[in-house]
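Tertiary structure, described
Each chain is listed here by its residues.
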Amino acid sequence: MAIKTWNRHVRDSLTSMWRNRWMSLAAIGAVTVTLLLVGVFIAVILNVNKIASDFENDVEIKVLISTTMNESKALELTQKVKKLPNVAEVRYVSKDDELKKVVADFGEDLSLFDQENPLHNVLYVKASEPQKTAAVAGQIDALKGTDDVLYGKGQIEQLFDVVDTTRTIGIVFSIVLVLIAVFLISNTIKLTIAARQHEIEIMKLVGATNNYVRIPFMLEGMWLGLLGALLPVVAMSIGYVSVYHNLSPLVQNEVFSFVAPANLLALLIAVLVLMGIIIGVFGSAMSVRKYLTVK
Amino acid sequence: MIEMKHVVKKYPGGNKALQGLNVSIAQGEFVYVVGPSGAGKSTFIKMLYAEERASAGKVIVNDVDITKLPARKVPFLRRQLGVVFQDYKLLPKKNVYENIAYALEVIEKDTKFIKQRVIAVLKLVGLATKAKRFPHELSGGEQQRVAIARSIVNQPQIVIADEPTGNLDPETTWEIMKVFEAINAQGTTIIMATHNREVVDRMRHRVLRIDKGRLVNDQRGGGYDGY
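Quick look at the structure, then. (Residues numbered from 1 in each chain as written. Chains lettered and ligands numbered in written order. Predicted model: local features only at pLDDT ≥ 70, side-chain atom pairs only at ≥ 80, totals over all residues. Heavy atoms only, no water.)

**Topic: the overall build of chain A**
Worth spelling out the cut-off: Numbering of helices and strands runs from the N terminus, with a helix taken as a DSSP run of H or I at least four residues long and a strand as a DSSP run of E at least two residues long. We compute the radius of gyration over the C-alpha atoms and compare it with the globule rule, which gives 2.2 Å times the number of residues raised to the power 0.38. Using a 1.4 Å probe on the protein chains alone, a residue whose accessible area is under 20% of its type maximum counts as buried, one over 50% counts as exposed, and one in between counts as partly exposed. Contacts between residues were defined by any pair of non-hydrogen atoms, one from each residue, lying within 4.5 Å. Every accessible area reported is derived by Shrake-Rupley at a probe size of 1.4 Å, with residue values counting cover from the shown protein chains alone. Within this scheme the basic residues Lys and Arg register as positive and the acidic residues Asp and Glu register as negative, but His and the chain ends are omitted. Charge positions come from single atoms, namely NZ of Lys, CZ of Arg, CG of Asp or CD of Glu.
Counting its secondary structure elements, chain A contains nine helices and four strands. Against the 2.2 N^0.38 benchmark of 19 Å for 295 residues, chain A shows a C-alpha radius of gyration of 30 Å, more extended than a compact globule. For chain A, with 295 residues in total, the buried portion stands at 41%. Once local pairs closer than 6 in sequence are excluded, the contacts in chain A between residues at least 24 apart make up 82%. For chain A, the accessible surface area stands at approximately 16,100 Å², while carbon and sulfur atoms represent 64% of it. Of note, chain A has its 27 positive side-chain charges centred 21 Å away from the centre of its 27 negative side-chain charges.

Encoded structure:
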């Protein structure tokens, strides 16, 4: 298609949007409200997911090294554990350091134990995937030189269940919400076009091909989607940064944190703008097609 | 140029609008199509630009049998014709200039050429000063003239008009008929469905009378009543 024709399509789409400005405004409004909803929801889902993962990743195995092992033997054990399959991270903490931590947590009274430290040298082990924790713990338990292997048996299985359910619910809700958004937006755009089916008929009667009729409408749908995404993008950017900065200090000492605005907003803006454009373009194309088939 | 052979048109529901119509129209002719309401005039006209398709028979326009024309080629047929619709069919959200230019834009003419042509036809129909008006700001006669301007802007060999003077006062009617005569004088075929006895009697041309879906009279230079 010639460039001049494309220019005409762009010009026609913009003129027509302006001359049907009340319809356009209604359509943009519908897109705005829907995408705002989608935006808030996506932000919530991503954070729930992040928190769930943080909890999962916090799961670690505590290996109490037998008191009969001296420091060098303990380090040998560390190396052995590191070589086991599915082990991601091994951290050795001597019993002296453990005591310092206990004293820091529970107070100076416990510093009495300085003379006779009752604690074990300890290995903190993380599995490559949280779900493999139990298996890794079993393997470590089979090694010589450990007094006990602790990993919250029973509790972590429960945690994984809760996390999985949360994720599934999130995914299902996201799909449902996106479908509702698609329906709402394309329906509004359909209405703006239905009001103009007479125009489509005339265009065809004076010799316009289907594409010639269709393209300006699709472009118009694109502008409507794009303009509709504008406000949600701005609102979410400002809103999320503010919510993040207000809530983050409250959970500073927790095992979880919220998704950083930079990471979340990049994805969110891309999703909102693309949804606006794609639904706008295809919503128009589909409803124009209905009126093109007439004659 | 235009030929119809045994054309039958049945509408869904069994109503037969045309029942075996035969007619042949040569290049440069001016033809009135007359007959009572519901006789099949509009169907006959719509058949020529494929808004309606024949149930049987042949409709040949510019050497092509359009009864077999696939839908995607219909726009190309319409570009060879100028059609003035009974209800004008102007695009409501485009102004006069844009409405006329649209017929040239769809065939991808250059903007400069379009400007020249549109201004020329606007002068011809006497609307040069109303180029920026929108259809709803115009009188019926003015809208009719925009529709005529659009139909001839592409310099088609055939102009088809369905009741082009239907809603006009006598004065405007004569103005518009003069435009058609002028176009015809340049060699353009004109096919005009009309109810206007005065027009047919005063500006004598070939008259096709359709009644009950058949051609009942075909007379060169005949009046409205066939004499």
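The rest of the description comes next.
**Examining the overall build of chain B**
Scanning chain B for helices and strands turns up seven helices and 10 strands. Here the C-alpha atoms of chain B give a radius of gyration of 17 Å, agreeing with the 17 Å that 2.2 N^0.38 yields for 227 residues. Dimensions of chain B, computed from the C-alpha atoms along their principal axes, are close to 45 × 40 × 35 Å. Split into buried and exposed, the 227 residues of chain B put 54% on the buried side. The long-range fraction of contacts in chain B, counting pairs at least 24 apart against all pairs at least 6 apart in sequence, stands at 67%. Per element, the accessible surface of chain B, about 9,900 Å² overall, is 48% carbon and sulfur. When the 35 positive and 24 negative side-chain charges of chain B are each reduced to one mean point, those points stand 5 Å apart.

**Considerations on the packing of helix 2 (residues 21-58) of chain A against helix 6 (residues 155-194) of chain A**
All names here are of chain A. Heads up, the condition is: In this analysis an axis means a line fitted to C-alpha atoms, helices contributing only their contacting stretch, and an angle means the value between N-to-C directions, from 0 to 180 degrees. These descriptions rest on fixed angle ranges, namely under 35 degrees for roughly parallel, over 145 for roughly antiparallel, 65 to 115 for roughly perpendicular, and the rest for oblique. Lys, Arg, Asp and Glu make up the charged group, whereas Ala, Val, Leu, Ile, Met, Phe, Trp, Tyr, Cys and Pro make up the nonpolar group; the residues left over, Gly among them, are polar.
Contact geometry of helix 2 with helix 6 gives a least axis separation of 10 Å together with a crossing angle of 170 degrees. One way to sum up the angle between helix 2 and helix 6 is to call them roughly antiparallel. Here the contact of helix 2 with helix 6 is composed, by residue class, of 22 nonpolar, eight polar and two charged.

**Comments concerning the packing of helix 8 (residues 210-247) of chain A against helix 9 (residues 261-292) of chain A**
The description of two helices packed together rests on the angle between their axes and the distance between the axes. Residues and elements named next belong to chain A. To keep things clear, this is the line we draw: Take the far helix as your reference; a near helix turned counterclockwise from it by less than a right angle gives a left-handed crossing, and one turned clockwise gives a right-handed crossing.
For the pair helix 8 and helix 9, the least separation of the axes is 7 Å and the interaxial angle reads 155 degrees. The orientation of helix 8 relative to helix 9 falls into the category roughly antiparallel. In the packing of helix 8 onto helix 9, the handedness of the crossing is right-handed.

**Details of the interface of chain B and chain A**
Accessible area lost when the parts come together is the quantity often used to give the size of an interface. For the record, the criterion: Buried area: the accessible surface (1.4 Å probe) lost by two parts on joining, summed over both. Only one rule defines a salt bridge in this text: a Lys or Arg side-chain nitrogen within 4 Å of an Asp or Glu carboxyl oxygen. Any pair of N or O atoms that falls within 3.5 Å is considered a polar contact. Within protein, one atom must be able to donate a hydrogen and the other to accept it, and sequence-neighbouring residues count only if both atoms are side-chain atoms.
Facing the 26 residues of chain B at the interface are 21 residues of chain A. Across the interface of chain B and chain A, roughly 2,300 Å² is buried in total on both sides, 55% from carbon and sulfur atoms. Three residues stand out in chain B for area buried against chain A, namely B:Arg78, B:Lys93 and B:Tyr102, and they jointly supply 26% of the buried area on that side. The tally of links between chain B and chain A comes to five salt bridges. A salt bridge links A:Asp12 to B:Lys94; the shortest N-O distance between them is 3.6 Å. In this structure, the connection of chain B to chain A is made through 12 residue pairs in polar contact (both at pLDDT 80 or more). Only helix 2 (74-78), helix 3 (96-105) and helix 4 (111-124) of chain B provide two or more residues apiece to the side of chain B that touches chain A. Residues of the side of chain B that touches chain A, tallied by class, amount to 11 nonpolar, two polar and 13 charged.

**Some thoughts on the pattern of salt bridges**
Under the counting rule described, the total for this entry stands at 22 salt bridges over all chains. In this structure, A:Glu98 engages A:Lys62 in a salt bridge whose closest nitrogen and oxygen atoms are separated by 3.8 Å. Pair noted here: A:Glu98 is in helix 4 (residues 95-106) and A:Lys62 is in strand 1 (residues 61-65), with a separation of 36 residues, a long-range link. A:Lys62 sits in the partly exposed class, given a relative accessible area of 27%. In this structure, the salt-bridge partner of B:Lys89 is B:Asp87, at a minimum N-O distance of 3.3 Å. Its relative accessible area of 9% is what places B:Lys89 among the buried residues. The class of B:Asp87 is partly exposed, set by a relative accessible area of 44%. Through salt bridges with shared partners, a single ionic network connects A:Arg11, A:Asp12, B:Lys94 and B:Glu105.

**Quick word on the pairing of strand 2 (residues 16-25) of chain B**
On any regular strand, side chains alternate: one points to one face of the sheet, the next to the other face. Residues and elements named next belong to chain B. The criterion, for reference: For two strands to be treated as a pair, DSSP must find at least two bridges joining them.
Inspection of the sheet shows strand 1 (residues 2-10) paired to strand 2 by seven bridges, in the antiparallel sense. When the bridges of strand 2 are listed, Val 7 appears paired with Leu 21. What sits between the antiparallel neighbours strand 1 and strand 2 is a turn of five residues, in which Gly 13 has the positive phi angle 110 degrees.

**With respect to the layout of surface pockets**
This is how the line gets drawn: Think of a 1 Å grid over just the protein atoms. A cavity is a set of points where a 1.4 Å probe fits yet cannot get out, a pocket is an open set with protein on both sides within 12 Å along at least five of seven lines, and lining residues have an atom within 4 Å of a point. Grid points are joined across faces, edges and corners, and a volume is the space filled by probe spheres set on the points.
Its boundaries defined by the atoms lining it, the largest pocket holds a volume of some 490 Å³. The wall of the largest pocket is formed by 28 residues, among which A:Arg11, A:Asp12, B:Lys94, B:Glu98 and B:Glu105 lie closest to the centre. Those elements that provide at least two residues to the lining of the largest pocket are helix 1 (3-19), helix 7 (197-205) and helix 8 of chain A together with helix 3 and helix 4 of chain B. Ranked by the residues each element gives to the lining of the largest pocket, the list is headed by helix 1 of chain A, at six residues. Broken down by class, the residue content of the lining of the largest pocket amounts to 11 nonpolar, four polar and 13 charged.

**Brief notes about the sheet that holds strand 2 of chain B**
Residue and element names in this part refer to chain B. With antiparallel pairing, four strands are arranged side by side in an open sheet as 2-1-4-5. The two strands at the open ends of the sheet, each matched to only one other strand, are strand 2 and strand 5 (64-65). Of the strands in this sheet, strand 1, strand 2 and strand 4 (56-61) touch helix 1 (residues 41-48), which is tilted by about 120 degrees from strand 1.

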